[in-house]
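Here are the chains, one letter per residue:
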Amino acid sequence: MSQNSIDFITTDERIMEVLKPLVAEVKKRVFTEPLKATDNETLGIIVSKFTEYKGESIKEVAESAFEDANLRNVKIDIGG
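Calculation criteria
Residues numbered from 1 in each chain as written. Predicted model: local features only at pLDDT ≥ 70, side-chain atom pairs only at ≥ 80, totals over all residues. Heavy atoms only, no water. Helix = DSSP H or I, 4+ residues; strand = E, 2+ residues; numbered from the N terminus. Buried < 20%, exposed > 50% of the residue type's maximum accessible area, 1.4 Å probe, protein only. Contact = heavy atoms within 4.5 Å. Expected span 1.5 Å × (residues − 1). Salt bridge = Lys/Arg side-chain N within 4 Å of Asp/Glu carboxyl O.

1. A look at the side chain of Ser-48
Inspection of the secondary structure assignment puts Ser-48 in helix H3 (residues 39–50). A relative accessible area of 18% means that Ser-48 is categorised as buried. Apart from residues lying up to four places away in sequence, Ser-48 is in contact with Tyr-53 and Ile-58.

2. Some words on helix H2 (residues 11–30)
For H2, built from 20 residues, the straight-helix expectation of 28 Å at 1.5 Å per residue is met to within 8% by its first-to-last C-alpha distance of 28 Å. Listing the buried residues of H2 in full gives Val-23, Val-26 and Lys-27. The inward-facing, buried residues of H2 contact H3.

3. What about the pattern of salt bridges?
Summed over the entire model, instances satisfying the criterion amount to 6 salt bridges. The salt bridge partner of Arg-14 is Glu-17, with a shortest N-O separation of 2.4 Å. Of this pair, Arg-14 and Glu-17 both sit in helix H2, 3 residues apart, which is roughly one turn of that helix. Taking relative accessible area as the criterion, Arg-14 reaches 36% and is therefore assigned partly exposed. Residue classification places Glu-17 among the partly exposed residues on the basis of a relative accessible area of 38%.

4. Focus on unusual backbone geometry
Although it is not a glycine, Glu-52 adopts a positive phi angle of roughly 55 degrees. Following the sequence through the fold, Glu-52 ends up in the loop between H3 and helix H4 (55–68). One non-glycine residue, Tyr-53, lies in positive phi territory at about 65 degrees. Its location among the elements puts Tyr-53 in the loop between H3 and H4. Residue Tyr-53 is classed as exposed on the basis of its relative accessible area of 54%.

Given below as structure tokens:
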């Protein structure tokens, strides 16, 4: 893909272009019944693995997602 073609799609479109196939692949690899798994469950696994299972990093990802969705008042409590 040339630099010029990247300029013609939005960031949201590019994210979906990359994540949809990744989510589909991960579903097949990690779930015994991939058709029953949701995209959100699978994305959660991707985030968990990407952050190397660090709770604070996972929390930061979730908080950033809420902020991007203009849900800034959502509080995430990671307790044990």
